[in-house]
Every structure is written in structure tokens, then in C-alpha cells.
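Coordinates in review
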Amino acid sequence: MKKQLFGAVALGAIAAGAQAQSNVQVYGIIDAGVVAERGGAAGNLDKVTSGVGSASRLGFKGNEDLGGGLSALFILESGVKVDTGESDAAGSIANRQALVGLSSRDYGMLTLGRQKTTLYKALGEVGDPFGLGYAGSAKNLFPLAGPNTRTSNTIAYATPSLYGLSGEATYSLGEQQGDQSAGRQYGAALAYSNGDLNARLVYNNRNSDSVVPGAAPVLHDLGHNALFVANYDFHIVKAFFAFGQDKGFNSAVLPVANAYGYKDAPKPTTDSRDLLIGATIPVGPRGTVMTSYLHKDDRQWHQDASQLAVGYAYAWSRRTSTYLAYAKIKNKNGAGYTVGNDTEAGSGNAAFNLGVRHAF
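Residues numbered from 1 in each chain as written. Predicted model: local features only at pLDDT ≥ 70, side-chain atom pairs only at ≥ 80, totals over all residues. Heavy atoms only, no water.

Once that is clear, we can look at the overall build of the protein. Per the secondary structure count, the protein includes 2 helices and 17 strands. Against the compact-globule benchmark of 21 Å for 360 residues, the protein has a radius of gyration of 23 Å, which places it among compact chains. With the C-alpha coordinates of the protein rotated into their principal frame, the extents come out at 85 × 60 × 45 Å. With 360 residues in all, the protein has 42% of them scored as buried. If you take every contact in the protein between residues at least 6 apart in sequence, the share linking residues at least 24 apart comes to 59%. Surface exposure of the protein reaches about 18100 Å², of which carbon and sulfur atoms provide 61%. Each charge class in the protein was averaged separately, 31 positive and 28 negative side chains, and the resulting centres sit 4 Å apart. (Helix = DSSP H or I, 4+ residues; strand = E, 2+ residues; numbered from the N terminus. Rg over C-alpha atoms; globule rule 2.2 N^0.38 Å. Buried < 20%, exposed > 50% of the residue type's maximum accessible area, 1.4 Å probe, protein only. Contact = heavy atoms within 4.5 Å. Areas by Shrake-Rupley, 256 points an atom, 1.4 Å probe, with all protein chains shown as cover. Lys, Arg positive; Asp, Glu negative; His and termini not counted. Charge placed at Lys NZ, Arg CZ, Asp CG, Glu CD.)

Further remarks concern unusual backbone geometry. We note that Glu175 has phi near 55 degrees; this positive angle belongs to a residue other than glycine. Structurally, Glu175 can be placed in the loop between strand 8 (165-172) and strand 9 (185-194). Glu175 sits in the exposed class, given a relative accessible area of 58%. At Asn333, a position not held by glycine, the phi torsion is positive, near 55 degrees.

A few words on the pairing of strand 1 (residues 22-38). As paired strands, strand 1 and strand 3 (residues 57-67) are joined by 8 bridges and run antiparallel to one another. Residue Gly28 lies in a different strand from strand 3, and its bridge partner there is Leu58. Here strand 1 pairs with strand 17 (residues 350-359) via 10 bridges, running antiparallel. Among the inter-strand pairings, Arg38 is bridged to a residue of strand 17, identified as Ala350. With 6 bridges connecting them, strand 1 and strand 2 (residues 45-50) associate as antiparallel partners. In the strand pairing of strand 2, Gly33 is matched with Thr49. The hairpin turn running from strand 1 into strand 2, its antiparallel successor, is 6 residues long, and Gly39 in that turn takes a positive phi close to 95 degrees. (Pairing = 2+ DSSP bridges.)

Put into C-alpha cells, the structure is as follows:
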């Protein structure tokens, strides 16, 4: 009896210790707004939609202390549509992120699974005053469609920070039998963060080849993206800058094939430059004005485009805010770019947003 009691106490102590060293968190964002889109071929569109400022999501993340500065971690994150209650990706339960890995205080972090690209993180976290959300999203002109945002079958490594410098590399396997390079994508980033200055230099390489056993392979040239982003906080205003170069097949995919119903549909460019100049301005203790100017310089088809955007967010608390935003694109020479938001590509050359965002 004493032995059984001693065993139960010991087991309970071990379980309590393991629980104290482990942490699992349920988190998410609920974002819904009224969107008014203008200028598309099918006419004006007014709608209630989800994920305008930030994509709505439900996630689970956790870590376990393994001792000696080493810990295990995981993230499972699914996108949801607040306006309908549906998943924003049919047939998927963790379409936004699904990863597991190890993190070392001294040696960095290694993760495996579906993850964000270095290109996407740099523009969203450092380069865009709208954080890739609202009508002013840099995604409207910068090349962040499809696999340039997230990649599956990815191995990622991030270094520790040393005197403000850090690095990250990702490698996504194409997993096409018979050709190890088909569908492969990799990226790298060098970051610097010190006080009020943040900057990143990013490279992304994408192979769009397709190899199916028994069929002729579909081959393309490689797509390359190079991006430099920076922001500096002057405290009365925070300034943002981004410049990108896109070359090769699928380096700058059009978010909408032919939004304006042109007889000659716009052509995706394989040689372009992207520019962003922007700012956020605090207004009182809770308000923030966001503004930016974007320009797409298409050096292949000369289908250039420019976007002006302005927005305002008011933080009612640390978790809840309301927002409004407006952006308009000027397309040249048959260009077909549209004003979207964080989760939608948009249908026309102008859009207005009004919504609510809550994080938990």
C-alpha cells in the first residue's frame, strides 16, 4: 500500500513538472468588415467579408522546455471566414501554418511543415505600413500570390540574433517523382534590428516545372524575387520603404486574370520592379493613420500601375480595434491590377473598407 501511494505521488510530481515546463495556447483573430469595390468589369460590388485588415484564423501553438536552452515547438493554424463560418481553404484544416520543430537559445530554430516564405514575412512585418491588410495592402502590386506567400513541405532555419543581425533560410521540396528540382522553392533573408531601425534583404527562387509520370514534362525558366525593406520610427511618424526586383516565370503572378474585361487580357510580367513609400502616424494615444504609395514598373509589357492608399485604425483595447481604409490604383497600357485586402484580390481599381478586428 505504501509503495502504491509513493508511486502515485511520484507520478503526480512528474506530471506536474512536465505540465509546468510545457505550454499550449489557443489563439486567433476575428476580423470582419464592409467592403465597397468599384471599377471592375462586372460593375460595383458591396459586401460583408472576412479578413479585411487581418486574415481571420484559429490557431494552436505550444512549446516544451527540453532543458539546456532547447525547446520543442509546434503551430497549427487554420483560416476561417467570419461572414459565412466556412474554412477559407476547402479540404484543409491548417492551411495557414502547420509546423513542428526545435528551438535553441544558442543555435537557432529549425522547423518542418507548411510555413510563410521569407518574402512574405519581410514585406508584411517590415516593409508595408498596412501590414499586407486593408485596401492599401502591398499585395495589390507586389508579387505575393500563391506559393510566394506560404509553401508546403518546407524546411526552415532561423539563426539567433547577434548584435541585431539575424538570418533565415527556407527550402521547399517539390516532391515530384523523377525530377528533384520540379516545383522546388527556396528563400533566404538577412535582417537587422536595432532600436528604431528595422531592415531586411530577401531572395526568393521558384521552380514552376511540372513532371507527371507518363506525360510530357511542363518546363519553365526559374522565377527570382529580390526584395529590400526597411522602416524607421521617428516617433512622430514611422517611415516605410520597400524595393523589389522580379524576374522569370511566375515571379509576378497577376492576382486576377482579367478584372476589367479587356479584349487583350493583361499579361503577367517576367521583368518588373516594385516600389513602396509609406508611413504610419500616431494620432492620440489610440489612433494610427496609415498611408502608402506603390508603383509597379513592368519592363516587359510596360503595363505599369500605381496605387495611393490611406487608412485609420483606432484601438479600443489591446485586442480590439476598428478601422477604415481607401485605396485606388491607376493602371496603364492595359494593366489589370486590383485593390484587394488581406484575404481577397478585389474586383476593381478602387475600394473602401470599414470593419472590426478582435484578437484573442
